[in-house]
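So you can see what is in the structure, the chains are spelled out below.
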Amino acid sequence: MKKTTLSVIPGDGIGKEIVPATLKILDTLAEIDGGIQFEYNQYPWSCEYYLEHGVMMPDDGMTKLQQSDAIYLGAVGNPKLVPDHISLWGLLIKIRRECEQVINIRPAQYIKGVKSPLAEPNDFNFLVVRENSEGEYSEVGGRIHSGSDEIAIQNAVFTRNATERTMRYAFELANKRNGQLTSATKSNGIVHSMPFWDQVFQELAGEYPDIKTQSNHIDALAAFLVSKPDQFDVIVASNLFGDILTDLGAAVMGSIGIAPAANINLNGKYPSMFEPVHGSAPDIIGQGIANPIGQLWTAKMMLDHLGLEELGGLLFRAIKETIAEGIKTKDLGGTSTMNEVINHIHAKIKSY
Ligand code: ATP
Ligand code: MG
């Protein structure tokens with residue numbers, strides 16, 4: 001029996017409602033597999049924890065996380081209790097940095113039964129690979145002069161190392177999927193970093209002759225993801241461009257409540273972290289109506305990442321069938337509660 005250790009951080013708000021309720025699904029999947037067992041280390045780190053202890057996580061917390069196989073996270077933040085810069089930097093961003101999760105991936109897929117805002121959503125299924133450690137969100141820059149002469153300078157930093165590893169991950173992913181990769185660029189307007197980005201993309205394309213590649217300027221690409229999203233498979237983007245495209249992806253899917261994300265560690269030293277796109281949703285806490293699909297789809301990404309693709313596939317099949325049968329929470333236009341959705345998915349998996 002192979003033991004897989006999962007660090008479980010429900011966090012704040014609806015994260016605390018959804019995450020613990022989904023663990024029985026992971027247990028049932030492990031039973032189906034027969035060869036693995038999940039061991040959960042649950043940590044109460046959250047804004048409430050901060051109010052009690054003055055820190056978002058204890059000193060030895062990071063070491064504990066770093067010893068696990070993956071981190072399964074709900075949502076962090078409750079601006080009414082703790083300012084966002086404290087809760088995010090004290091937990092979420094701290095984990096991303098110290099576990100060297102340098103890439104963020106987010107799939108966007110048309111799900112039958114979820115109303116997309118697109119008139120003709122067709123059957124889109126694309127995935128954005130976002131560089132998550134540098135680029136436009138660098139801290140290089142500052143302000144000079146003052147008064148009417150004041151100038152703010154923000155330097156984007158693109159290292160060959162980070163650019164190449166992000167793209168290589170995207171090429172490998174495209175290899176496993178439909179063999180098509182789009183690069184988000186803007187080399188017609190940004191004259192140093194983006195031509196470099198294009199050059200590295202071209203070089204790697206030479207190493208992957210079977211992958212069909214194209215480059216689109218970010219403005220056009222954003223429009224294409226609305227007008228013809230079904231034409232895209234894997235998209236690789238810098239930190240800023242990826243940030244924008246991933247929110248767009250969640251929007252065209254139809255609900256923030258179903259969108260999953262993963263923060264990937266590439267060097268194998270530390271675990272990757274799996275968290276839904278949505279936040280703690282303070283406006284619906286305690287009503288039992290939180291949509292658990294984003295969290296469960298996140299669990300599917302975690303299973304895939306751990307090499308348990310068969311289990312990930314079963315979970316995703318149950319998610320899609322449940323939505324198609326109309327077992328949906330209020331945000332998707334349904335009347336089911338969070339527990340009803342989770343129980344339905346659980347029962348389905350048991351019946352496979
Ligand atoms: P954060 O700063 O943590 O991202 P936020 O307020 O920006 O939080 P969310 O917490 O994601 O964003 O909430 C945005 C809106 O979407 C809210 O109205 C919330 O109720 C709704 N929402 C988010 N997640 C879900 C969910 N899983 N089920 C139902 N509604 C949701
Ligand atoms: Mg938000």
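Residues numbered from 1 in each chain as written. Chains lettered and ligands numbered in written order. Predicted model: local features only at pLDDT ≥ 70, side-chain atom pairs only at ≥ 80, totals over all residues.

Structural notes on the site of ligand 1
Next, step 1: Around ligand 1 sit 15 residues in total, of which G257, H278, G279, A281 and N291 are the nearest.
Next, step 2: In the shell around ligand 1, the residues fall into six nonpolar, seven polar and two charged. (Near = placed C-beta within 6 Å. Nonpolar A, V, L, I, M, F, W, Y, C, P; charged D, E, K, R; others polar.)

Considering the UniProt feature "domain: Isopropylmalate dehydrogenase-like" (unreviewed entry) in the protein
Next, step 1: UniProt records the feature "domain: Isopropylmalate dehydrogenase-like" (unreviewed entry) for residues 5–345 in the present numbering.
Next, step 2: Helix makes up 42% of residues 5–345 and strand 21%, and the two end C-alpha atoms of the span are 23 Å apart. (UniProt positions renumbered as here; feature names shortened; annotations may be inferred. Helix = DSSP H or I, 4+ residues; strand = E, 2+ residues; numbered from the N terminus.)

Description of the domain arrangement of the protein
Next, step 1: Along its sequence, the protein is organised into domain 1 (1–104 + 257–352) and domain 2 (116–253).
Next, step 2: The C-alpha-based centres of domain 1 and domain 2 are spaced at 26 Å.
Next, step 3: In this assembly, nine residues from domain 1 lie in contact with twelve residues from domain 2.
Next, step 4: The leading source of residues in the side of domain 1 that touches domain 2 is strand β4 (residues 101–109), at four residues. (Domains from an automatic or database assignment. Contact = placed C-beta atoms within 7 Å.)

Quick notes on the sheet that holds β4
Next, step 1: Taken in spatial order, the ten strands make up an open sheet running β2-β1-β3-β12-β11-β4-β5-β10-β8-β9, and their pairing is mixed. In this open sheet, the two edge strands, each paired with only one partner strand, are β2 (36–42) and β9 (212–217). Averaged over all pairs of adjacent strands, the angle between their axes in this sheet comes to 25 degrees, without regard to strand direction.
Next, step 2: Both strand β11 (residues 260–265) and strand β12 (residues 272–276) contribute to a ladder of four bridges, which runs antiparallel. Within the sheet, the bridge partner assigned to N263 lies in β12 and is M273.
Next, step 3: Where helix α5 (residues 160–176) meets the sheet, its contacts fall on β4, β5 (125–131), β8 (180–185) and β10 (234–237), and the angle it forms with β5 comes to roughly 160 degrees.
Next, step 4: In this fold helix α6 (residues 193–207) packs onto β8 and β9, with an angle of close to 165 degrees to the strand it touches most, β8. (Pairing = 2+ DSSP bridges. Axes fitted to C-alpha atoms, helices over the stretch in contact; angles between N-to-C directions.)

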